[in-house]
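Chain by chain, the residues run as shown.
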Amino acid sequence: RGRRAGGGARRAPPLATTPAGGGATATCPGTCVVQPTVEGDSCLCDVAVSSATVFASVAAVRDAVGADADVEAVARAAPVGSLAPDAYDDGTYVLCTDTACTQLTTDTGIEVWLHVASGDAAATLGERTLLALPPRRAGGRARYLLNTVSTVSLGDG
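Below: a short report on this structure. Just so you know, these numbers come straight off a predicted model, no measurement behind them.

1. Brief notes about the overall build of the protein
Turning to step 1, where the next piece is worked out: The helix and strand inventory of the protein stands at 3 helices and 10 strands.
Turning to step 2, where the next piece is worked out: Considering only contacts in the protein between residues 6 or more positions apart, those separated by 24 or more positions represent 51%.
Turning to step 3, where the next piece is worked out: Total accessible area on the protein is roughly 9,900 Å²; 52% of this is exposed by carbon and sulfur atoms.

2. Section: the pairing of strand S7 (residues 111–115)
Along any regular strand, the residues point their side chains to alternate faces of the sheet.
Turning to step 1, where the next piece is worked out: With 4 of 5 residues buried, S7 is to be regarded as a mostly interior element.
Turning to step 2, where the next piece is worked out: In this sheet, S7 lies alongside strand S6 (residues 93–95) in antiparallel orientation, the contact comprising 3 bridges. Bridge pairing in S7 links Leu95 to Trp113.
Turning to step 3, where the next piece is worked out: Bridging between S7 and strand S8 (residues 130–133) involves 3 bridges; their strand directions are antiparallel.

3. Side note on helix H1 (residues 58–65)
Turning to step 1, where the next piece is worked out: Every buried residue belonging to H1 is among Val58, Val61 and Val65, and all of these are buried. Seen along its axis, H1 keeps its buried residues to an arc of 55°; they face one direction.
Turning to step 2, where the next piece is worked out: Here the buried face of H1 lies against helix H2 (72–77), helix H3 (99–108), S7 and S8.
Turning to step 3, where the next piece is worked out: Two residues or fewer after H1 comes Gly66, characterised by a positive phi angle close to 75°.

4. Digging into the state of the cysteines
Turning to step 1, where the next piece is worked out: This structure, assessed with the given rule, holds 3 disulfides.
Turning to step 2, where the next piece is worked out: One disulfide in the model links Cys32 with Cys45; its S-S distance is 2.1 Å. Here the S-S torsion is close to 110°, and the disulfide linking Cys32 with Cys45 is therefore right-handed. Linking Cys32 in the loop between strand S2 (23–27) and strand S3 (33–37) with Cys45 in the loop between strand S4 (40–44) and strand S5 (47–53), this pair joins segments that are 13 residues apart in sequence.
Turning to step 3, where the next piece is worked out: Through a disulfide, Cys96 is tied to Cys101; the S-S separation comes to 2.1 Å. Taking the torsion about the sulfur-sulfur bond, which here is approximately 75°, the covalent link between Cys96 and Cys101 counts as right-handed. In this pair, the class of Cys96 matches that of Cys101, namely buried.

5. Some words on the sheet that holds strand S9 (residues 143–146)
Turning to step 1, where the next piece is worked out: If you walk across this open sheet you meet the 4 strands as S6-S7-S8-S9, and the pairing is antiparallel. Where the open sheet ends on each side, the last strands, each with one partner, are S6 and S9. The mean angle between the axes of side-by-side strands here comes to 25°, regardless of whether they run parallel or antiparallel.

Quick notes on the rules
Residues numbered from 1 in each chain as written. Predicted model: local features only at pLDDT ≥ 70, side-chain atom pairs only at ≥ 80, totals over all residues. Heavy atoms only, no water. Helix = DSSP H or I, 4+ residues; strand = E, 2+ residues; numbered from the N terminus. Contact = heavy atoms within 4.5 Å. Areas by Shrake-Rupley, 256 points an atom, 1.4 Å probe, with all protein chains shown as cover. Buried < 20%, exposed > 50% of the residue type's maximum accessible area, 1.4 Å probe, protein only. Pairing = 2+ DSSP bridges. Arc of directions from axis to C-beta. Disulfide = S-S within 2.5 Å. Axes fitted to C-alpha atoms, helices over the stretch in contact; angles between N-to-C directions.

Shown next as structure tokens:
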């Protein structure tokens with residue numbers, strides 16, 4: 001499940017009907033094409049997915065949290081969930097022990113897990129860096145997020 005800027009889910013535009021040879025024919029926007037289905041005509045569109053790093057450094061995570069320690073600001077900015085680091089092969093992720101990371105954990109409860117093969121470091125976080133947010137409730141579990149945001153474009157745009 002994804003999110004888009006401005007919140008809410010993006011829906012495909014409704015099919016428009018135009019008279020063609022005395023009947024109604026569905027039309028699709030842009031470069032999408034009409035695809036007949038058992039439930040009626042639908043639009044078939046090319047899909048392009050792009051991703052980008054949300055936080056370039058631990059300092060950027062700190063800035064997002066702000067002075068009021070709003071951990072949820074990180075969750076809103078990096079909406080892609082992940083498994084816990086121990087669910088991956090040994091050595092895939094290591095807990096960041098850099099001074100900036102340990103200070104972030106002390107102040108906010110957020111842990112930074114670096115992806116070893118990507119060469120992540122506290123100064124340069126990547127898309128595969130994990131951010132472990134503290135539980136929302138006492139006794140709860142940590143929430144793991146990938147440091148990435150994905151954008152899906154349909155058709156020509």
